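What the coordinates show
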Amino acid sequence: MLCIYVYYIYLNSFSLIIEFTRLSIEMRKRLLGENHPDVAQSLNNLAAFYVIQGNYSEAEDYFFQALDLWKIHLGEEHEEIATILNNIAEVYREQGRYAESEKMHIKALNMRKSLFGEKHDDVAQSLDNLAGIYENQARYQDAEKMHLQALAMRKKLLGEEHWNVAASLNNLAALYDSQGRFTEAEDYYTQAFELCKKCLGNDEHPYIAIILNNLGGISKNLGRYADAERIHLKALEIRKAIFGKEHLDVAQSLNNLGNVYLLQGLYLKAEDVYQQAYDIRKLFLNTEHPDIVKLLHNFAVLYTYQGRYQTAESICLKTLSAIEKAYGKNHPNYADNLNHLGLVYQKQGNYSQAEQKYLTSLAIRKNIFGEEHHDIVKSLNRIAEIYRLQGRYSQAEAIYKENYQLAKNLLGEMHPDVAGILNSLAVLYDAQFKYAEAEKLFTEVFLIIRSQFGNNHPQVATTLNNLATVYGSLECFSEAEELHLQVLEIRKSIFGEEHPDITNSYNNLAEIYLAQGKYAEAEKYYNLAL
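Note that the coordinates shown come from a computational prediction; the quantities given were computed from them, not determined experimentally.

Considering the layout of surface pockets
In this model, the second largest pocket occupies a volume close to 230 Å³. Contributing elements (two or more residues each) for the lining of the second largest pocket: helix H8 (140-158) and helix H20 (393-411). Here the lining of the second largest pocket is composed, by residue class, of four nonpolar, four polar and four charged.

If you want it as structure tokens, here you go:
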């Protein structure tokens, strides 16, 4: 039976695995009795396979059945009991039930401390898992404290060179990544990568591919798209060599590659690799699985970028239906997709519909996370933007200012999303012809973005472009021209010659030359924009 499991796991044939596991449970019940430990183990295995399928309600049910049986044989406190508590906590997390997940993780942590003492690798694992819940809740200081404690514990217990130490380094890097602390995240991912290579003695290993995937994500966030593409292609190559072309890990790499192409404006390439990833996932996962829904969301984002709004809207409605069926409406993924549907309506000029979706998304997020969370910041910014577009400037300004304080308290003054709020407020001032206020804020945004990403990043180019637009409005044409030329060079170095932002820069330069009566130069850039 073990050989059959291994074979089907290799093939990602989880429906067949579940069928065999169910048969195994019934056989063991008949042969060994309803309450035998082997029955408990099979129930636990079945729950784990449901987790892989994304069927969390079934997983929860079977984990609890296994837990009840283990308690009969092992008592209330045992390492196996702690493991199942940990598994149930992770199921709650996937469902967005963070308070319940936290409670269960704390119970598992305390049990492990009672069984093994304060310093043990299982205790470190519980600390890392609990930190993950705090990260979901935007309790970043608590999460960092737990991850650092787990890392220090593993180094002391296992030595500096152990792959569990690499796992803790990777977890800490992921936390910094989610906070926008990309330089620190890259440093810890690199440490994890080097340690993994040393421990495994093999450059082509699934764990190497995982960390390469994370490094590729950091390069994407830092605007280093060529590096991101190269790293994701390497991870894809490793996964294909290990698993073959049709495997869920291969689909993940294709999806990540599509995200890089999307930001580069390579929409056809993005659509192609998204489709490849979707075709693979459809082979193994049901339509409500989170990975299918996330990929459909990526298609919706792509089509929104391309202006294919009706197609994007149709996909958003489909993903919302799938999420509601799987988890109900009170789930982070439902709020995320509802927020994007609002953006699709916004892009079509349907501001009342957009506002309604944004407000509903905000209400869901507040119900899940409370008043202070990164996702609340994102929702408030969308709502303020709708008010700006509707000319409701005083309401927009009030929300931007409130949101700036919230974001600054959560993320720190130098976070890119804090800069994003200041940028939005500057755009609002620009729309009201308050050019001095806009110039001051755009300059502040530029300093934050440059400090985080360096000079050669898309957001740096966007901020300089906005500042140049203000100078144009003030008829400071030489300053505006200089900045627009600088923006064009940054964008060319990042995207190459063919990207929508390059066209935008050509048009902006043409407008500046036209305003100065430099008709030959204006004509040149208008023609380049065609």
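Concerning empty space enclosed by the protein
To find leftover empty space, a probe the size of one water molecule is rolled over the atoms. Throughout the structure, instances matching the rule amount to one cavity of 30 Å³ or more. Of the voids in this model, the largest cavity is the one considered here, and its volume is about 30 Å³. Forming the walls of the largest cavity are Glu 288, Pro 290, Val 293, Ala 322, Ile 323, Ala 326, Tyr 327 and Asn 333. Looking at the lining of the largest cavity, the elements that each hand over two or more residues are helix H15 (290-305) and helix H16 (309-327). Among the elements that take part in the lining of the largest cavity, H16 stands out by supplying four residues, more than any other. Residues of the lining of the largest cavity, tallied by class, amount to six nonpolar, one polar and one charged.

What to know about the pattern of salt bridges
Under the definition given, this model contains 28 salt bridges. Each of the salt bridges in this network shares a partner with another, and the network as a whole consists of Glu 186, Arg 224, Asp 227 and Arg 230.

Regarding the confidence of the model for the chain
Overall, the predicted model of the chain reaches an average pLDDT of 91, with 97% of residues at or above 70. Here residues 1-12 is modelled with pLDDT under 50, and outside its nearest four sequence neighbours on either side it reaches 19 contacts, counting other chains as well.

Quick word on helix H22 (residues 435-453)
Counted at 1.5 Å a residue, the expected span for H22 with its 19 residues is 27 Å, and the 26 Å between its end C-alpha atoms agrees. All of the buried residues along H22 are Tyr 435, Ala 438, Leu 441, Phe 442, Val 445, Phe 446, Ile 448, Ile 449 and Phe 453. One or two positions beyond H22, positive phi appears at Gly 454, with a value near 85 degrees.

With respect to the packing of aromatic side chains
Evaluation of the coordinates by the stated rule reveals 14 aromatic pairs. Plain terms: the ring middles of Tyr 50 and Tyr 62 are 5.8 Å apart, the flat faces sit at 20 degrees to each other, and that makes the pair stacked. Highlighted residues: Tyr 50 in helix H3 (residues 37-53) and Tyr 62 in helix H4 (residues 56-74), separated in sequence by twelve residues. An angle of 25 degrees between the planes, with centres 6.0 Å apart, marks the rings of Phe 299 and Tyr 303 as stacked. Pair noted here: Phe 299 and Tyr 303 are both in helix H15, with a separation of four residues, about one helical turn. Summarising the burial analysis for this pair, Phe 299 and Tyr 303 share the class buried. An aromatic cluster is present here, built from Tyr 274, Tyr 278, Phe 299 and Tyr 303 joined pairwise through their rings.

About the cut-offs
- Residues numbered from 1 in each chain as written.
- Predicted model: local features only at pLDDT ≥ 70, side-chain atom pairs only at ≥ 80, totals over all residues.
- Heavy atoms only, no water.
- 1 Å grid on protein atoms, 1.4 Å probe; cavity = no way out; pocket = protein on both sides within 12 Å on 5 of 7 lines; lining within 4 Å.
- Points joined across faces, edges and corners; volume = space filled by probe spheres on them.
- Helix = DSSP H or I, 4+ residues; strand = E, 2+ residues; numbered from the N terminus.
- Nonpolar A, V, L, I, M, F, W, Y, C, P; charged D, E, K, R; others polar.
- Salt bridge = Lys/Arg side-chain N within 4 Å of Asp/Glu carboxyl O.
- pLDDT = per-residue confidence, 0-100.
- Contact = heavy atoms within 4.5 Å.
- Expected span 1.5 Å × (residues − 1).
- Buried < 20%, exposed > 50% of the residue type's maximum accessible area, 1.4 Å probe, protein only.
- Phe/Tyr/Trp six-rings, centres within 6.5 Å; stacked < 30°, edge-to-face > 60°.

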